Amino acid sequence: MERLLIRGGRPLEGEIRISGAKNAALPVMAATLLADGPMTVGNIPHLHDITTTMELLGRMGVGLTVHERMQVEVDASTIESFRAPYELVKTMRASILVLGPLLARFGRAEVSLPGGCAIGSRPVNLHVDGLRAMGAEIVIEDGYIKGRAKRLRGARLRMDVSTVTGTENLMMAAALAEGTTIIENAAQEPEVADLAHCLMRMGAYLEGVGTSTLVIEGVERLNGIEYQVLPDRIETGTYLTAAAMCGGRVKLKDTHPGLLEAVIGKLRECGAAIDTGEDWIELTMVGRPRAVDIDTAPYPGFPTDMQAQFCALDAISDGTGKVVENVFENRFMHCLEMQRMGADIHIDGHTAHIRGVDRLTAAPVMATDLRASASLVLAGLVADGETRVDRIYHIDRGYECIEEKLAQLGADIRRLPE
Ligand code: EPU
């Protein structure tokens, strides 16, 4: 298995480009199933989760052509299977995103239940309940969600919890349903809004984009278009946090500062100076960061996908930080690995109490999920000695060329082959 070797202690200096957002690209790729003609999706990051989605679509018989610079052309007219098999869904839960489009456009779908996950139980009951309320007949059998529908009908859907992929699935289904669907307590994440913009460009009628109430008027058909997905706010936040920990000055280009207000606010609180333009962010950090308290919440709150990276920051900060995880039930595995590097962290239920130490020391550590692995890389960048991060296939699911980008900023990091 590949691993990363990191020698800590260097400041970060320089400029890098931010990639397209994984969590925007995945639903937009699923939305291509709704289009009557070929569709081209651009600014796609080169990541394992994207390859998995392409494999999933390819196995269904969907035509795929990859053009220069990861523009992917998708043609669903050749589809012949409506099944997302367990062996793909278990490597990428976001495969569930094909459920709504398949039922809405083709009237049938078989999608494996995703099962457990390293960050909590992560059920998909709200996806299934919503589609049932729209008239789909769904049974859970042999570990699969098996659905049939004639034309879905619009419905009033009240989501008990704000769910990102749940909102996306139901929004895609509603776009081709008969009549009006209202989604209350819809997720407001920028990636949900990006999918809504894509659907509207395809010919869908949506109101309330970016708010917690979405109104979708179904149409009979949607067109294939060209669409560029938005920049990755979590990748942006991860490199900003790295620079706040290491010190120095970094400029991140092709990003969108407006999507990161909660994160930028916390980085300023820890002592970083931040300048922004329309599509860039520059962070300058001198000296040791001050510890900050974090409370994760759905957007526009502080993102759970940045929690692990801020645990790493608090671990070497001046003072004590309290990090509360409110979105997922078991998302502190990275803290146990950081303790092995000398971090002083006490976990109490959903809260991590982190007392900053002067130095972390290198150790072999193991990544358990995508953001956990990013946080261990960040810890390695400031640790004394050489940190080895194992199981980095998690990182490759969500960070495009992480070692190249960090090396470009001056970090001492390299990938060891298997
Ligand atoms: N939930 C339910 N029932 C459901 C669906 C969700 O109870 O039917 C609960 C979950 O258990 C969780 C909460 O709702 O406690 C929020 O989960 P959500 O459904 O919003 O998560 P998701 O859609 O599965 C997406 C991102 C995650 C990100 C979360 C939260 C994608 C492909 N994934 O997951 O990204 O952490 O939203 O913002 O968009 C990552 O990129 O590393 C990642 C894990």
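In this text the structure is predicted, and so the values were computed from the model without any measurement.

## Regarding the overall build of the protein chain
- Secondary structure assignment for the protein chain yields 14 helices and 24 strands.
- For the protein chain, the C-alpha radius of gyration of 21 Å lies close to 22 Å, the compact-globule estimate for 418 residues.
- Summarising its shape, the C-alpha atoms of the protein chain cover approximately 65 × 45 × 40 Å along the three principal directions.
- Restricting to contacts in the protein chain with at least 6 residues of sequence separation, those with at least 24 account for 73%.
- About 16,300 Å² of surface is accessible on the protein chain, with carbon and sulfur atoms providing 46% of the total.

## Some thoughts on the nonpolar core
- Counting 82 residues, the largest nonpolar core has Leu152, Met171 and Leu199 as its most contacted members.
- For this core, the element with the most residues is helix H1 (residues 22-31), which contributes seven residues.
- Among all residues touching Met171, those that are not within four sequence positions of it are Ile183, Val192, Leu195, Ala196, Leu199, Leu206, Leu214 and Ile216.
- Counting residues in hydrophobic clusters, the runner-up holds 67 residues, among them Ile18, Ala242, Leu252 and Ile354.

## Brief notes about the pattern of salt bridges
- Going through the model one piece at a time under the given rule, you end up with 30 salt bridges.
- Arg105 serves as the salt-bridge partner of Asp36, at 3.1 Å between the closest nitrogen and oxygen. Here the residue Asp36 occupies a position in the loop between H1 and strand E3 (39-42), and Arg105 occupies one in helix H4 (residues 99-106), the gap between them amounting to 69 residues.
- Judged by relative accessible area, Arg105 falls into the partly exposed class, the value being 26%.
- Where Arg388 meets Asp390, a salt bridge forms, and the shortest distance between an N and an O atom there is 3.2 Å.
- Classification of Asp390 by relative accessible area gives buried; the value is 15%.
- Each member of the salt-bridge network shares a partner with another, and the members are Glu2, Asp396, Glu403 and Arg415.

## Looking at H4
- Taking burial as the measure, the eight residues of H4 include six buried ones, the bulk of the element.
- Inspection of H4 places Leu99, Gly100, Pro101, Leu102, Leu103 and Ala104 among the buried residues, and these make up the whole buried set.
- Those residues of H4 hidden inside the fold are in contact with H1, strand E7 (108-112), helix H5 (125-133), strand E8 (137-141), strand E9 (144-148) and helix H6 (164-175).
- Directly beyond the C-terminal end of H4, a positive phi value near 75 degrees is found at Gly107.

## Examining the sheet that holds E8
- Read from one edge to the other, the open sheet built from four strands follows the order E6-E7-E9-E8, with strand pairing classed as mixed. The strands lining the two open edges of the sheet, one partner per strand, are strand E6 (83-84) and E8.
- For E8 and E9, the ladder comprises five bridges, and the chain directions are antiparallel. Of the residues in E9, the one forming a bridge with Glu137 is Arg148.

## A short note on helix H12 (residues 370-382)
- Counting buried positions along H12 gives 13 out of 13 residues, so the element sits mostly inside the fold.
- Where H12 starts, the residue carrying a side-chain oxygen 3.0 Å from the main-chain nitrogen of Arg371 turns out to be Asp369.

## Some thoughts on unusual backbone geometry
- Pro300 follows Tyr299 through a cis peptide bond whose omega is 5 degrees.
- Tracing the sequence through the fold places Pro300 in the loop between strand E18 (294-295) and helix H10 (307-315).
- The backbone of Arg69 sits at a positive phi, close to 50 degrees, despite the residue not being glycine.
- Among the secondary structure elements, Arg69 is positioned in the loop between strand E4 (63-67) and strand E5 (71-75).
- A relative accessible area of 73% places Arg69 in the exposed class.

Thresholds applied
- Residues numbered from 1 in each chain as written.
- Predicted model: local features only at pLDDT ≥ 70, side-chain atom pairs only at ≥ 80, totals over all residues.
- Heavy atoms only, no water.
- Helix = DSSP H or I, 4+ residues; strand = E, 2+ residues; numbered from the N terminus.
- Rg over C-alpha atoms; globule rule 2.2 N^0.38 Å.
- Contact = heavy atoms within 4.5 Å.
- Areas by Shrake-Rupley, 256 points an atom, 1.4 Å probe, with all protein chains shown as cover.
- Core = buried A, V, L, I, M, F, W, Y, C linked by side-chain atoms within 4.5 Å.
- Buried < 20%, exposed > 50% of the residue type's maximum accessible area, 1.4 Å probe, protein only.
- Salt bridge = Lys/Arg side-chain N within 4 Å of Asp/Glu carboxyl O.
- Pairing = 2+ DSSP bridges.
- Polar contact = N/O pair within 3.5 Å; in protein donor to acceptor, adjacent residues only side chain to side chain.

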